[in-house]
Amino acid sequence: MGLNHLPPWALELLETSRSGHLGLLDQDDRPRVLPVTFAVADGALWSAVDDKPKRVPGKDLARVRFLRRRPEAALTVDRYDDDWTRLAWVQALGRVTVLDADDRALDALRAKYPPYRERPPAGPLLRLDVERALCWRADPT
């Protein structure tokens, strides 16, 4: 069950949320969770290594190395509100491919994040091909 099987409210949450949490396994198969920006494009979820300060080049970042070694990952996006009837989350599970470039993904990221319009992410790009998508919200209507 991929993204196309999600209810409209869950797709809207993915399209409008400003950040998500990418779960992956490190070199010792221990879980890691990282905050990421992301966008939906071509039926997949995309994230990019951007120009925020880093100690190593994007292609050498730990998350990129981890995902090249073991591409299974999960992206979780949630909505928290003190009104608990508004709580909701979506989790996309699948495999990540590390790519140097993809114009449609970059267009989607630039459309969603104004800083990317001024300074597009240098990459690499992370494409999560969703094999299974789960969702929940407190208000069932």
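It should be noted that the structure appears before, not after, this text.
Residues numbered from 1 in each chain as written. Predicted model: local features only at pLDDT ≥ 70, side-chain atom pairs only at ≥ 80, totals over all residues. Heavy atoms only, no water.

Q: Hey, could you run me through the overall build of the protein chain in this one?
A: Looking only at helices and strands, one finds four helices and seven strands in the protein chain. Starting at the N terminus and ending at the C terminus, the protein chain contains elements arranged as α-β-β-β-β-α-β-β-α-α-β. Projected onto its principal axes, the C-alpha positions of the protein chain cover 45 × 35 × 30 Å. By residue count, 43% of the 141 residues in the protein chain fall in the buried class. Long-range pairs, those at least 24 residues apart, make up 71% of the contacts in the protein chain with a sequence separation of at least 6. Total accessible area computed for the protein chain in this model is approximately 8,200 Å², and 52% of it derives from carbon and sulfur atoms. (Helix = DSSP H or I, 4+ residues; strand = E, 2+ residues; numbered from the N terminus. Buried < 20%, exposed > 50% of the residue type's maximum accessible area, 1.4 Å probe, protein only. Contact = heavy atoms within 4.5 Å. Areas by Shrake-Rupley, 256 points an atom, 1.4 Å probe, with all protein chains shown as cover.)

Q: Got a minute to help me understand the nonpolar core in this structure?
A: As a rule of thumb, soluble globular proteins bury nonpolar side chains together. Core analysis: the biggest nonpolar cluster contains 40 residues, and Leu14, Leu22, Leu45, Leu67, Leu75 and Leu128 have the highest contact counts within it. With sequence-adjacent residues up to four places away left out, leucine 22 is seen in contact with Arg32, Val33, Leu34, Val36, Leu67, Ala73, Ala74, Leu75 and Leu126. (Core = buried A, V, L, I, M, F, W, Y, C linked by side-chain atoms within 4.5 Å.)

Q: Help me out: how do you make sense of the sheet that holds strand β2 (residues 31–36) in this one?
A: Hydrogen bonds along the backbone pair up the strands of a sheet, which may run parallel or antiparallel. As summarised here, the arrangement of the seven strands in space is β2-β1-β5-β6-β7-β4-β3, forming an open sheet in which the pairing is antiparallel. Edge strands, defined here as strands with exactly one partner in the open sheet, are β2 and β3 (39–41). Neighbour-to-neighbour, the strand axes of the sheet open up by a mean angle of 35°, direction not taken into account. In the sheet, strand β1 (residues 20–25) pairs with β2 via six bridges, with the strands oriented antiparallel. Note on β2: the bridge partner recorded for glycine 23 is valine 33. Strands β3, β4 (44–48), β5 (72–79), β6 (88–99) and β7 (125–137) of the sheet are contacted by helix α1 (residues 8–16), whose axis makes an angle of about 55° with β6. Against the sheet, helix α2 (residues 62–69) touches β1, β2, β5, β6 and β7, its axis set at about 55° to β1. (Pairing = 2+ DSSP bridges. Axes fitted to C-alpha atoms, helices over the stretch in contact; angles between N-to-C directions.)

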